[in-house]
Amino acid sequence: MLETTTQLRALTPHDLPELRALLDQDPLVNLFVRGRVDASRLQTRWLGGEIWGYFEDDELVSACHAGANIVPVQATPRAIEAFADRALRDNIRPSSIVGLRSAVEPMWEILEPHWGPARSPRLDQPFMVLEHDPAITPDPRVRPVAIDEFDLVYPSCVAMFTEEVGVDPEAGNRNGYRARVAQLITQGWAFAIIEDDEVLFKTEVGAATSYACQLQGVYVRPDLRGQGIAAGAVAAVVEQVRACVAPSVTLYVNGHNTPARRAYERVGFEHTETFSSILF
């Protein structure tokens, strides 16, 4: 029998058609990487890292985003081993490994003896999808954030990031985080309920393609939690982003966060896959 020949290498703009075809095998799960690829066209200075391709008999069968985050794409068991070996050989230290649990967990088994312990392993994160109008009435108070409201919204972004990720986003690169929040506002990807100069709710579109977008940083002011604000507010965001960003909306949430999961289910989101995140 002929043996399969394999190769792992960093992809270049020449590989874009084949990589896009691979990503489009699951356009919702692969949304983050597809968005990065479309924005950078695999130019390293814009990508901020590399996309590794795993080939079998000269056919691209798996890929892996290797930058601030490691994100495996359509990763086969042999590709997962190859990506982990490459990460160790290149001595990269990302802030997280994120993706389908079926890929992240076996990759982490290889990397943990070298990179562990993780600061926060999150192995059960329902990936949820909504491809139609919200199932409940949207909150009419939700609207896009204006750039001159940056100083109002920014503290809520910091608070949400710190609460969710467990680190202060300003600790390492304050200017970088401020620039990212400003970019999302300028793109029209930040949404909030603001009353009397107080942010009651906010969220952003963190990534998007022509097919779908992903919500991130859903935040309700702590003293207002448990009052049912989140569901109607997220419904309003869904309605607005489906009209101006992309027709399908995704997000993923920690499995133990029962109130958030119930709110998203009320809006109409369905649990279609399970993600895992390993945070360093």
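Refer to the structure printed above.
The following paragraphs examine the structure supplied in this document.

Calculation rules
Residues numbered from 1 in each chain as written. Predicted model: local features only at pLDDT ≥ 70, side-chain atom pairs only at ≥ 80, totals over all residues. Heavy atoms only, no water. Pairing = 2+ DSSP bridges. Helix = DSSP H or I, 4+ residues; strand = E, 2+ residues; numbered from the N terminus. Contact = heavy atoms within 4.5 Å. Axes fitted to C-alpha atoms, helices over the stretch in contact; angles between N-to-C directions. Buried < 20%, exposed > 50% of the residue type's maximum accessible area, 1.4 Å probe, protein only. Right-handed = clockwise from strand over helix to strand, strands pointing away.

Let's shift gears to the sheet that holds strand S9 (residues 198–208). A sheet is described by the order of its strands in space; here 12 strands give the open sequence S1-S2-S3-S4-S5-S12-S6-S11-S10-S9-S8-S7, paired in mixed fashion. Every other strand in the sheet has two partners, leaving strand S1 (6–10) and strand S7 (143–144) as the edge strands with one partner each. Across six bridges, the pairing between strand S8 (residues 190–195) and S9 is antiparallel. When the bridges of S9 are listed, Ala192 appears paired with Lys202. The strands touched by helix H4 (residues 77–90) within the sheet are S1, strand S2 (50–56), strand S3 (59–66) and strand S4 (69–73), with S2 carrying the most contacts at an inclination of about 140°.

This part is about the pairing of strand S11 (residues 248–252). Counting buried positions along S11 yields four of five residues, so the element is predominantly enclosed. Where strand S6 (residues 120–130) lies against S11, four bridges are found, and the strand directions are antiparallel. By the bridge assignment, Leu130 is partnered in S11 with Val249. Regarding the hand of the β-α-β motif, the stretch spanning strand S10 (residues 212–220), helix H8 (residues 229–244) and S11 is right-handed.

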